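Inside the fold
Listed below, chain by chain, are the residues.
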Amino acid sequence: CSSGYCGELSDGSFTPCRPTYLRDLQADPAAYGTVTVGMKATSMSVAMPDGTQGDYGEGKADGVMIRPDLPVNTVVEIDSSASAHPMHIHVNHFQLKTFQRVDNDGSGNWVLAGDWIDTLEGNAVARMTTDSFLGKQVIHCHISGHSDNGGIAYFNIAGAGGLTADQQQTG
């Protein structure tokens with residue numbers, strides 16, 4: 001486990017080996033603030049910590065909008081309302097801080113606070129680190145017909161110290 005963190009704890013329990021970008025973020029401060037995302041069938045509402053907000057998509061795939069930059073290598077909190085439209089984020093997985101599955105049969109306990117995932121159906125507060133990759137990070141409804149009809153947007157990860165996809169491939 002030379003690249004990451006893991007090991008046996010003093011109480012005899014074991015911590016699985018994880019890469020450093022999957023460190024436990026539940027207690028970390030959200031340095032950038034909270035991004036609020038509301039998923040809908042043909043659009044998505046997004047509110048940024050600086051107060052900018054809007055609805056994106058509105059029923060057409062060309063409604064994809066770039067949001068203000070997310071700073072690279074920073075903890076970002078996401079407050080998501082994705083009860084009927086599973087939210088999927090490309091590039092950076094996120095860790096659940098709180099989670100509430102909205103269903104009628106009580107079968108929603110397939111993820112718990114602390115889990116790392118990339119797709120969420122339910123209401124949650126999650127945290128992610130924007131790691132070292134610069135560029136577009138797609139966020140969309142994981143029901144493909146909804147994404148095709150406008151339930152899609154992307155964040156732009158920017159800042160000093162990050163690498164673009166081209167730099168990752170040649171570096």
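The structure under discussion appears in the preceding block.
The sections below set out a description of the structure shown in this document. Here the structure is a predicted model, which is why all the values come from computation and not from measurement.

Helix and strand counts for the protein chain stand at two helices and 12 strands. Sequence-ordered secondary structure for the protein chain, helices as α and strands as β, is β-β-β-β-β-β-β-β-β-β-β-α-β-α. When the 171 residues of the protein chain are sorted by exposure, 39% land in the buried category. Pairs at least 24 apart in sequence give 64% of the contacts found in the protein chain among residues at least 6 apart. Looking at the protein chain as shown, the accessible area adds up to about 8900 Å², and 50% of this sits on carbon and sulfur atoms.

Here the focus is unusual backbone geometry. Residues other than glycine predominantly adopt negative phi, and peptide bonds predominantly adopt the trans conformation. One non-glycine residue with positive phi stands out, namely Asn73, at about 55°. Asn73 gets classed as exposed once you look at its relative accessible area, which sits at 58%. In the Ramachandran plot, Asp131 falls in the positive-phi region, its phi being about 45° despite a non-glycine side chain. Its place among the elements puts Asp131 in the loop between β10 (119-129) and β11 (135-141).

Most of β10 sits inside the fold, with nine of its 11 residues counted as buried. Pairing geometry for strand β7 (residues 75-89) and β10, over 10 bridges, is antiparallel. For Ser80, the partnering residue across the bridge sits in β10 and is Ala124.

Let's shift gears to the side chain of Gln137. Structurally, Gln137 can be placed in strand β11. Given a relative accessible area of 0%, Gln137 falls into the buried group. Side chain to side chain, Gln137 and Asn92 meet in a polar contact 3.0 Å long. Excluding its chain neighbours within four sequence positions, the residues that come into contact with Gln137 are Ile89, His90, Val91, Asn92, Met128, Ala153, Tyr154, Phe155 and Ile157.

Criteria and thresholds
- Residues numbered from 1 in each chain as written.
- Predicted model: local features only at pLDDT ≥ 70, side-chain atom pairs only at ≥ 80, totals over all residues.
- Heavy atoms only, no water.
- Helix = DSSP H or I, 4+ residues; strand = E, 2+ residues; numbered from the N terminus.
- Buried < 20%, exposed > 50% of the residue type's maximum accessible area, 1.4 Å probe, protein only.
- Contact = heavy atoms within 4.5 Å.
- Areas by Shrake-Rupley, 256 points an atom, 1.4 Å probe, with all protein chains shown as cover.
- Pairing = 2+ DSSP bridges.
- Polar contact = N/O pair within 3.5 Å; in protein donor to acceptor, adjacent residues only side chain to side chain.

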